[in-house]
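# Coordinate inspection notes
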Amino acid sequence: RIPTITGLTEFSVYQGEFTEELIKNGVQADDHEDGPISNITYSPNIDDLNALNIGTHYITYTVTDSDGNQKTERRKVTVLRYLLIRKAALIFQITM
């Protein structure tokens, strides 16, 4: 059987703020014979993700079980413009 990948809910992120934790958040892989699979790869890599233009993009996740069966799924991500308003809001929160 082919493994499954779950938890690929779409999300939004400010341009240049991708992190490994954010990309892997909630993503799980499971195989009927192997059980949970922790080695989930994704592309593009962090540097390429942080260089993405504002708009809608996709991250591709791949997992392979012990029999060599492979599953690939895509996750929609929206890259948002990083605004100075966001910094001002953060400063406001800190000074409150």
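Just so it is clear, the structure is predicted and the values come from calculations on it, not from any experiment.

### Observations concerning the pairing of strand β3 (residues 28-31)
- With burial as the criterion, only one face of β3 is covered, namely that bearing A29 and D31; the residues Q28 and D30 on the opposite face remain uncovered.
- Sheet topology note: the strand β1 (residues 4-6)/β3 ladder contains three bridges and is antiparallel. Paired with I5 across the two strands is A29, which belongs to β3.
- Bridge count between β3 and strand β4 (residues 35-37): three bridges; the pairing is antiparallel. Note that in β4 the partner of A29 across the bridge is I37.
- Where β3 folds back onto β4 in an antiparallel hairpin, the turn is made up of three residues.

### Details of the environment of T9
- Structurally, T9 is set in the loop between β1 and β2 (11-14).
- With a relative accessible area of 54%, T9 lands in the exposed category.
- Considered as a pair, T9 and K76 are 67 residues apart in the sequence and their alpha carbons are 7.5 Å apart.

### Quick look at the confidence of the model for the chain
- Summarising the model, the chain shows a mean pLDDT of 90, and 85% of its residues fall at 70 or more.
- When mean pLDDT is taken per element in the chain, β1 scores highest with 98 and helix α3 (residues 84-95) scores lowest with 59.

### Quick look at the sheet that holds strand β7 (residues 70-80)
- In spatial order, the strands read β2-β7-β6-β5; together these four strands make up an open sheet with mixed pairing. The open sheet has two edge strands, β2 and β5 (41-43), and neither has a second partner. Going from strand to strand, the sheet's axes swing by 35° on average, the running direction of each strand aside.
- Taken together, the three bridges between β5 and strand β6 (residues 55-64) define a ladder with antiparallel strand orientation. Directly across from T41, in β6, lies its bridge partner T62.

### Things to note about the sheet that holds β3
- Strand order across the open sheet formed by three strands is β1-β3-β4, with antiparallel pairing between neighbours. Looking at strand neighbours, the two that pair on one side only are β1 and β4, the edges of this open sheet. In this sheet, adjacent strand axes meet at a mean angle of 35° when their direction is disregarded.

### Some remarks on the nonpolar core
- In this structure, F18, I23, L49, I59 and Y61 are the most contacted members of the largest nonpolar core, which totals 18 residues.
- Within the residue set of this core, elements represented by two or more residues are β2, β6 and β7.

Each value, and the rule that gives it
- Residues numbered from 1 in each chain as written.
- Predicted model: local features only at pLDDT ≥ 70, side-chain atom pairs only at ≥ 80, totals over all residues.
- Heavy atoms only, no water.
- Buried < 20%, exposed > 50% of the residue type's maximum accessible area, 1.4 Å probe, protein only.
- Helix = DSSP H or I, 4+ residues; strand = E, 2+ residues; numbered from the N terminus.
- Pairing = 2+ DSSP bridges.
- pLDDT = per-residue confidence, 0-100.
- Axes fitted to C-alpha atoms, helices over the stretch in contact; angles between N-to-C directions.
- Core = buried A, V, L, I, M, F, W, Y, C linked by side-chain atoms within 4.5 Å.

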